[in-house]
Amino acid sequence: MNKLTVVMYHYVRDIKDSKYPNIKGLETKDFIKQLEFFFNNYSIITMEQAISAYEGSENLSDNSLLLTFDDGYVDHFTNVYPILKGYGVQGTFFPPAKAILEHQLLDVNKIHFMLSSDNIIDDLVEDIRKDILFYREEYNLKIFKEYYSELAQSNRWDPKEIIFVKRMLQHALPEKLRNLLSSKYFNKYVGIPEPTFAKELYMNKSQLKQLVKDGMHVGCHGYDHYWWNRLDENSLEIELSRSKDFLKSIDCNMGTWTACYPYGSYSDTVTSKLESHGCKLAFTTEVKVADIYVNKKLLIPRLDTNDFPPRTDNYKHY
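Just so it is clear, the model here is predicted, and its values are computed rather than measured.

Novice: Explanation requested: the side chain of H225 in the structure shown.
Specialist: Looking at where H225 falls in the secondary structure, it is placed in the loop between β7 (217–218) and α12 (233–249). Accessibility expressed as a relative area gives 5% for H225, which makes it buried. A distance of 3.3 Å separates the side chain of H225 from the side chain of H221, its partner in a polar contact. At 3.3 Å, the side chain of H225 forms a polar contact with the side chain of Y263. Excluding residues that lie within four positions of it along the chain, H225 makes contacts with D71, P96, L106, V108, E239, P262 and Y263.

Listed below in C-alpha cells is the structure:
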C-alpha cells in the first residue's frame, strides 16, 4: 500500500499546571489518549520503515502512521520519550542544533512565550508599529500599513493580529532587526534571561544521544532554524553541513538521515541541495496524508496533532 500518515507535534506538557498555562500545546494526558486512538486505528511505524517504503523495499499498510516532534523541546525527553518507550514505539525528533549547543533561544520560541502572556497582542502590534517608525530609515523599511496589509491574514489556527506578529518577527523584517526586537519584546513581556530560559526549554546533547541510543530517530531541523528557502546557496550549504555535523555528534546513523523544513520552508533549490547531501526523507508542513507514489521523498506532507482526537482549543500549530 502507499498511504502514510505523518503526525506533527510541538509542545507536549502539563500545560495547565505549568508556569505558562496559556502556551499553545498538547497536554500530556491528551497525548496518551491520542496514542491510544492511534493504536486502535493505525499501525505506528519507524522512520526506517518509511525510508524502506520510499525506496521500494518494503510495503506499508494504508493505516501506517509516523510520529514526529519538532524543535527539540525538553518536553519531548521528559514527557514524550518515556511514554513512547513504554508503548514500544518509535518517535522522530527534529531539534535545531543551535538551540541545543549554544543555549540560544530561538526567535520563534520568544514569540510563542510572548504570545502566551495575557491580553498583550494589541500592545505587541503597537510596539512593532512604533519600532518600524523608529528603525525605518536605518533598515530601509516599508511603512507599517504596508506590512500589516500584506501579513495580517488569519489562518486555521490564529487571528490576523497574531499572524502579523509572527510573520514580522519570523521573516518580514531584516534578520538583525528581528533578533533585536524579539529579544526586546521577550524581555518586556516574559522577563527571564534568554540563556536561562533556553536551558529550561530545550533538550541537551546528552538527552538527544540517549534518544538515539534507545532507538528513537533524530533528524535535521537546521542549525539556526532559518527559513531555508530564503537562504542563498552558500548559506544553505553551511546550514546543512553544520546540521549534519550535529547529527554525527549525537551518534545518528548518517546513512538514514532525514530532515524537517523549519517553518515548512522548502524550494526546488533546497530539495536539490538535500538530495546532493544524501537526505533520505524530508518533511513539510503541507496538510494531508502522504502518498509515497505521489509525494516525493523530500516533500512529505504531515498532519497536525490537532487533526486527531482528542481535539482541544488549547493546541495550535506554530
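Novice: Which parts of the structure should I look at to understand the packing of helix α6 (residues 121–139) against helix α8 (residues 160–172)?
Specialist: Taken N-terminus to C-terminus, the directions of α6 and α8 make an angle of 45 degrees; their axes are 10 Å apart at the nearest point. One way to sum up the angle between α6 and α8 is to call them oblique. The interaxial crossing formed by α6 with α8 has left-handed handedness. Taken together, the residues of α8 that come into contact with α6 (itself represented by I121, L124, V125, I128 and I132) are E161, I162, F164, V165 and M168. In terms of residue class, the contact of α6 with α8 is built from nine nonpolar, no polar and one charged.

Novice: Honestly, the packing of α6 against helix α7 (residues 144–151) in this entry has me stumped. Any pointers?
Specialist: Geometrically, a packed helix pair is captured by the angle between its two axes and the distance between the axes. It is the contact of α6 with α7, at a shortest axis distance of 9 Å, that shows an interaxial angle of 135 degrees. Viewed along their axes, α6 and α7 adopt a mutual orientation that is oblique. Contacts between α6 and α7 pair V125, R129 and I132 from the former with F144, Y147 and Y148 from the latter. A per-class count over the contact of α6 with α7 returns five nonpolar, no polar and one charged.

Novice: How should I be thinking about the pairing of strand β1 (residues 3–9) in this particular structure?
Specialist: With respect to burial, β1 is a largely interior element, six of its seven residues being buried. By the bridge criterion, two bridges tie β1 to strand β10 (residues 290–291) in an arrangement that is antiparallel. Residue K3 lies in a different strand from β10, and its bridge partner there is D291. In the sheet, β1 pairs with strand β11 (residues 303–304) via two bridges, with the strands oriented parallel. The partner of V7 across the bridge, within β11, is L303.

Novice: Explanation requested: unusual backbone geometry in the structure shown.
Specialist: Keep in mind that most residues, glycine aside, have a negative phi and that most peptide bonds are trans. For the bond running from P309 to P310, omega is -5 degrees, close enough to zero to count as cis. By the element assignment, P310 lies in the segment after β11. For D71, which is not a glycine, the phi torsion comes out positive at approximately 85 degrees. Here D71 is to be found in the loop between β5 (64–70) and α3 (74–87). The backbone of H225 shows a phi angle near 60 degrees, a positive value even though the residue is not glycine.

What counts and what doesn't
Residues numbered from 1 in each chain as written. Predicted model: local features only at pLDDT ≥ 70, side-chain atom pairs only at ≥ 80, totals over all residues. Heavy atoms only, no water. Helix = DSSP H or I, 4+ residues; strand = E, 2+ residues; numbered from the N terminus. Buried < 20%, exposed > 50% of the residue type's maximum accessible area, 1.4 Å probe, protein only. Polar contact = N/O pair within 3.5 Å; in protein donor to acceptor, adjacent residues only side chain to side chain. Contact = heavy atoms within 4.5 Å. Axes fitted to C-alpha atoms, helices over the stretch in contact; angles between N-to-C directions. Parallel < 35°, antiparallel > 145°, perpendicular 65-115°, else oblique. Left-handed = near helix turned anticlockwise from the far one by under 90°. Nonpolar A, V, L, I, M, F, W, Y, C, P; charged D, E, K, R; others polar. Pairing = 2+ DSSP bridges.

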